[in-house]
Amino acid sequence: MRSSVDNDAPTAERYRAFAEVEARGMSECYDAWALGVAGDPATIALIDELPPAKRQPNLVFSAARFHGSPAGPYARFREWLHEHWPVVRETAETHATQTNEAGRCALHVPALAAIPGPLALLEVGASAGLCLYPDRYSYRYPGHARLDPADGPSRVVLDCEIRDAGAGAVPVPDRLPEVVWRAGIDLNPLDVTNPGDLDWLDALIWPEHDDRRERLRAAAAIVASDPPQLVAGDLNERLAALAAEAPAAATLVVLHTAVIAYLDDAARARFADAVRELPGHWLSVEGRGVVPGIRARDDVPNDSTDFVLALDGVQLAWAQPHGRAVTWVPNP
């Protein structure tokens, strides 16, 4: 089955894939909405008014919730959507899926802590930059002492399950990495001090995920107190120049999560080639088969929705997309 971000797939197929692969077990509401759309020609006709790249289920559903669509059965959502379609369509056309889940830092920390610091973090597809602050959040990994920032416990506490699949032990560090520079690239950077931008980030969180919604607000307050450098533009066009601004005394780490899937094959290949040429390291967390040249370790047990966490093009772990769980991969 093709991914729900496959712009060439028919709309019904994209929504069915979203229900069965992405939403199932994660959001009962979105599972029902996506299956409902997949079997509803009249609603598909509305969505097909959008350009193919804008028909993505998560974008349409988030645009609807941004304008007040209540969670609930598909029949109620359908009625609401048809009544409010003009404003939903406008928002889908002018916005993008810029989910900025701070919880993903729990996936990054074991890899970042093994890189000699201090670190200069450059995130592509940074949204509002919440994932540029792994050193400002607290972490709880089962079987390990809680990790707190150097200046004490954070108002943001991230819980990450360590899956026991007979694989390698997750290298949970005893201290957080030191970050001395943080910057990001996004087609449309968001500003957490702008209420409209923060409301859009809130709308991107799936209906049942109240813990993520609370975390968003707390993480946004941390970011607002010390904003990162965010530049607008295409990641392939801006990467080299922004990387060159990183302090020479710090180790550059280019990172991204659930971003590269939105590029076409040529742009993915161009990015992979460019980031390999930069000094420092490359930390990616993307769907299997998305990043050119990274071999997914299917010999290690994993969930079908897991992302591939890789450092410098070599898989280190299987990762739950929102940072809820990780399975480390032993050396081949």
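Residues numbered from 1 in each chain as written. Predicted model: local features only at pLDDT ≥ 70, side-chain atom pairs only at ≥ 80, totals over all residues. Heavy atoms only, no water.

**Considerations on helix α2 (residues 28-38)**
Extensive coverage of α2 is indicated by the burial of 8 of its 11 residues. Next to the buried residues of α2 lie α1 (11-23), α3 (41-47), α4 (57-66), α5 (74-94) and α7 (195-203). (Buried < 20%, exposed > 50% of the residue type's maximum accessible area, 1.4 Å probe, protein only. Helix = DSSP H or I, 4+ residues; strand = E, 2+ residues; numbered from the N terminus. Contact = heavy atoms within 4.5 Å.)

**Some details on the sheet that holds strand β10 (residues 314-319)**
With respect to topology, 9 strands assemble into an open sheet ordered β4-β11-β10-β9-β8-β7-β1-β5-β6, the strand pairing being mixed. Looking along the sheet, the strands with just one partner apiece sit at the ends: β4 (161-162) and β6 (229-232). Bridge analysis of strand β1 (residues 119-124) against strand β7 (residues 251-257) gives 5 bridges, and the strand direction is parallel. Note that in β7 the partner of L119 across the bridge is T251. Of the strands in this sheet, β1, β7, β8 (281-287), β9 (307-311), β10 and β11 (325-328) touch helix α6 (residues 105-112), which is tilted by about 145° from β8. Packed onto the sheet, helix α10 (residues 265-277) meets β1, β7 and β8 and runs at close to 155° relative to β8. (Pairing = 2+ DSSP bridges. Axes fitted to C-alpha atoms, helices over the stretch in contact; angles between N-to-C directions.)

**Things to note about the nonpolar core**
Counting 80 residues, the largest nonpolar core has F61, L130, Y137 and Y139 as its most contacted members. Broken down by element, this core gets its largest block of residues, 7 residues, from α5. Look past the residues within four positions of L130 in its chain and what remains in contact with it is N100, A102, C105, Y137, V192, L216, A219, A220 and V223. A120, L122, A183 and V329 belong to the second largest nonpolar core, which has 33 residues in total. (Core = buried A, V, L, I, M, F, W, Y, C linked by side-chain atoms within 4.5 Å.)

**Comments concerning the side chain of H209**
The topology assignment puts H209 in the loop between α7 and α8 (210-225). At a separation of 2.7 Å, a polar atom in the side chain of H209 contacts the main-chain carbonyl oxygen of M26. For H209, the contacting residues outside a window of four places in its chain are M26, H322 and R324. (Polar contact = N/O pair within 3.5 Å; in protein donor to acceptor, adjacent residues only side chain to side chain.)

**Brief notes about the pairing of β10**
Of all 6 residues that make up β10, 5 are buried, and the element is covered over most of its length. Two elements, β9 and β10, share 5 bridges in a ladder whose sense is antiparallel. Opposite V308, over in β10, you have W318 as the bridge partner. In textbook terms, the turn of a hairpin is the stretch between consecutive antiparallel strands, and for β9 and β10 this stretch comprises 2 residues, one of which, D312, has a positive phi near 55°. By the bridge criterion, 3 bridges tie β10 to β11 in an arrangement that is antiparallel. Of the residues in β11, the one forming a bridge with A319 is V326. Where β10 hands over to β11, the hairpin turn is made up of 5 residues, of which G323 adopts a positive phi near 90°.

**Comments concerning unusual backbone geometry**
The step from G117 to P118 runs through a cis peptide bond, and the omega angle for that step is 0°. Along the chain, P118 turns up in the loop between α6 and β1. Positioned with a positive phi, D312 is a non-glycine residue whose angle comes to about 55°. Summarising the element assignment, D312 is placed in the loop between β9 and β10.

What is shown is where atoms sit, not what they do.
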